[in-house]
Amino acid sequence: MSQTLTLTFTERVFIFYYLLPLLLMKEKGEVLMERKVEILASDTGYSTVKCAYLDENGSVKTFKFPTAVAEFPCEIQPGSLGEVKPIEYEGRYYFVGEEALKFEKYLRPTYTEEFSVVYSPLLLHEAFRKEEILPNVVCLSIALTEYDREIRFYDSFKKKVVKGKKNELMQQYCSHFKVNERDFEQEVIVLPQGVGIWLDQGAPEDAIIIDIGDRTVDVVCVSEGKTLGAPWTRGYNDKGAIQIVNLLGDYIRDKFGVELHTTKVKKILETGKFKYRGEEKDLTEVIENLKIPYAERTLVDILSVPVINSLYEEHGNLIVAGGGAYYLSKEIVEAYGIKIPEQPEFSNVRGFLKKLTEA
């Protein structure tokens, strides 16, 4: 015997006004973000976005994804890109993170002056989506050389030239944005990289912290429990792991005659594998031969600065973190007495999270 489901007026209202909009949001590819967290610490780096937050048990949760944004000028027809659906932001359509890497021709360059300002909202949204979280406060970190630096660029969304300090512009763009017609508002704090590593390692009285990132290398010197300014603390542009990426890209071009997008070369650097005409090539040995001299040069360059070398000779306590810390050989680590934090690429965001949750 068939049964007819009868809904009360209240149930019908609930479905129409609450469940139906949620289902439509799912159809648009928007993942619901109902889990509130107080703070998300995020480093929207040039290669990888690193994040940390406290889960419901009070444990530190870390995750990362590629700093990759693929932009499409118009709405994609259903089925033209398979099952995946782009998100809408400022009238344009995007894939972000891992999904974006599939669309190499549409990738936005990450090294331009405006990228980490204009597109950080999309990277934050991807972080929210991946973990299904909605933070009240977001802490962003940028390189020392970029903090308080005046920049100027043309914003194609606003159709005007924008200028100001990079950290203040990032705060402005990320405090409020709209994706898939949904508003996201959060308090945003922007802090300089390197300091988070010091905090993560227990804020030692005397230390030299080297943060080797994708594009930049930041050096933070601490004496008697206080961070020192210039000339001790300094940042180096274009001295990060991008040097290895460029050399690896040159090797692949010279050896196989293939010109690869920087994002793909970074993936090869991470995995050690390169697919050529259907055959997988193992480039592990080549990559290791590039990493070791790069790490040695970086350390020698920094410790050759007289004021930094003086601190090192007196206190030692050399801490190296960031993704580039993985490039240090065991012999180099032992020779210089280097300390490398656990999962060094997350050291910055762990430190900032620790500081903000204790405040």
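One can find the structure itself at the top, above this paragraph.
So, here is what we can say about the structure in this document.

The rules behind these values
Residues numbered from 1 in each chain as written. Predicted model: local features only at pLDDT ≥ 70, side-chain atom pairs only at ≥ 80, totals over all residues. Heavy atoms only, no water. Axes fitted to C-alpha atoms, helices over the stretch in contact; angles between N-to-C directions. Helix = DSSP H or I, 4+ residues; strand = E, 2+ residues; numbered from the N terminus. Parallel < 35°, antiparallel > 145°, perpendicular 65-115°, else oblique. Contact = heavy atoms within 4.5 Å. Nonpolar A, V, L, I, M, F, W, Y, C, P; charged D, E, K, R; others polar. Core = buried A, V, L, I, M, F, W, Y, C linked by side-chain atoms within 4.5 Å. Buried < 20%, exposed > 50% of the residue type's maximum accessible area, 1.4 Å probe, protein only. Pairing = 2+ DSSP bridges.

### Regarding the packing of helix α6 (residues 242–256) against helix α7 (residues 262–271)
Line of reasoning, step 1. Where α6 contacts α7, the two axes come as close as 9 Å, and the packing angle between them is 95°. Taken together, the axis directions place α6 and α7 in an arrangement best described as roughly perpendicular. Contact residues: Ile242, Ile244, Val245, Leu248, Gly249 and Ile252 in α6; Thr262, Val265, Lys266, Ile268 and Leu269 in α7.
Line of reasoning, step 2. The class makeup of the residues in the contact of α6 with α7 is eight nonpolar, two polar and one charged.

### Some remarks on the nonpolar core
Line of reasoning, step 1. Within the largest apolar cluster, 40 residues are counted, with the highest numbers of intra-cluster contacts made by Ile208, Ile210, Leu248, Leu318 and Val320.
Line of reasoning, step 2. Tallying contributions element by element places helix α8 (residues 284–303) first for this core, with eight residues.
Line of reasoning, step 3. Among all residues touching valine 320, those that are not within four sequence positions of it are Ile210, Ile212, Leu299, Ala325, Leu328, Ile338, Lys339, Ile340 and Pro341.
Line of reasoning, step 4. Val37, Val49, Val179 and Phe184 belong to the second largest nonpolar core, which has 39 residues in total.

### A closer look at the pairing of strand β13 (residues 207–212)
Line of reasoning, step 1. Of all the six residues making up β13, six are buried; the element is thus mostly covered by neighbouring parts of the structure.
Line of reasoning, step 2. As paired elements, β13 and strand β14 (residues 217–223) share six bridges and run antiparallel to each other. Bridge pairing in β14 places alanine 207 opposite valine 222.
Line of reasoning, step 3. If you look at the hairpin formed by β13 and β14, you'll find four residues sitting between the two strands.
Line of reasoning, step 4. One ladder, built from four bridges, connects β13 with strand β19 (residues 318–321); its direction is parallel. Looking across to β19, one finds that isoleucine 208 is bridged to leucine 318.

### A short note on the sheet that holds strand β4 (residues 69–72)
Line of reasoning, step 1. Spatially, three strands are ordered β4-β6-β5 in an open sheet, and the strand pairing comes out antiparallel. Strands at the two margins of the open sheet, each flanked by one partner only, are β4 and β5 (87–89). Here the strands of the sheet are splayed against their neighbours by 40° on average, with no regard to which way each runs.
Line of reasoning, step 2. Two strands pair when backbone bridges link them, and β4 and strand β6 (residues 92–96) are joined in this way by four bridges, in the antiparallel orientation. Following the sheet pairing, phenylalanine 72 is matched in β6 by tyrosine 93.

### Some points on the environment of alanine 100
Line of reasoning, step 1. Structurally, alanine 100 can be placed in the loop between β6 and α2 (115–118).
Line of reasoning, step 2. Taking the C-alpha atoms as reference points, alanine 100 and proline 86, 14 residues apart in sequence, are found 9.4 Å from one another.
Line of reasoning, step 3. When neighbours within four sequence positions are excluded, alanine 100 is seen to be in contact with Ala68, Val69, Ala70, Phe95 and Leu107.

### Considerations on the sheet that holds strand β1 (residues 35–44)
Line of reasoning, step 1. Spatial strand order, β3-β2-β1-β7-β12: five strands in an open sheet with mixed pairing. The sheet terminates laterally at β3 (60–66) and β12 (187–192), the two strands that pair on one side only. Across the sheet, the axes of successive neighbouring strands diverge by a mean angle of 25°, strand direction being ignored.
Line of reasoning, step 2. Where strand β2 (residues 48–54) lies against β3, seven bridges are found, and the strand directions are antiparallel. Pairing of valine 49 across the sheet is with phenylalanine 65, part of β3.
Line of reasoning, step 3. With respect to the sheet, helix α4 (residues 166–175) is in contact with β1, β7 (133–142) and β12, its orientation differing from that of β12 by roughly 155°.

Shape descriptors only; they carry no functional weight alone.
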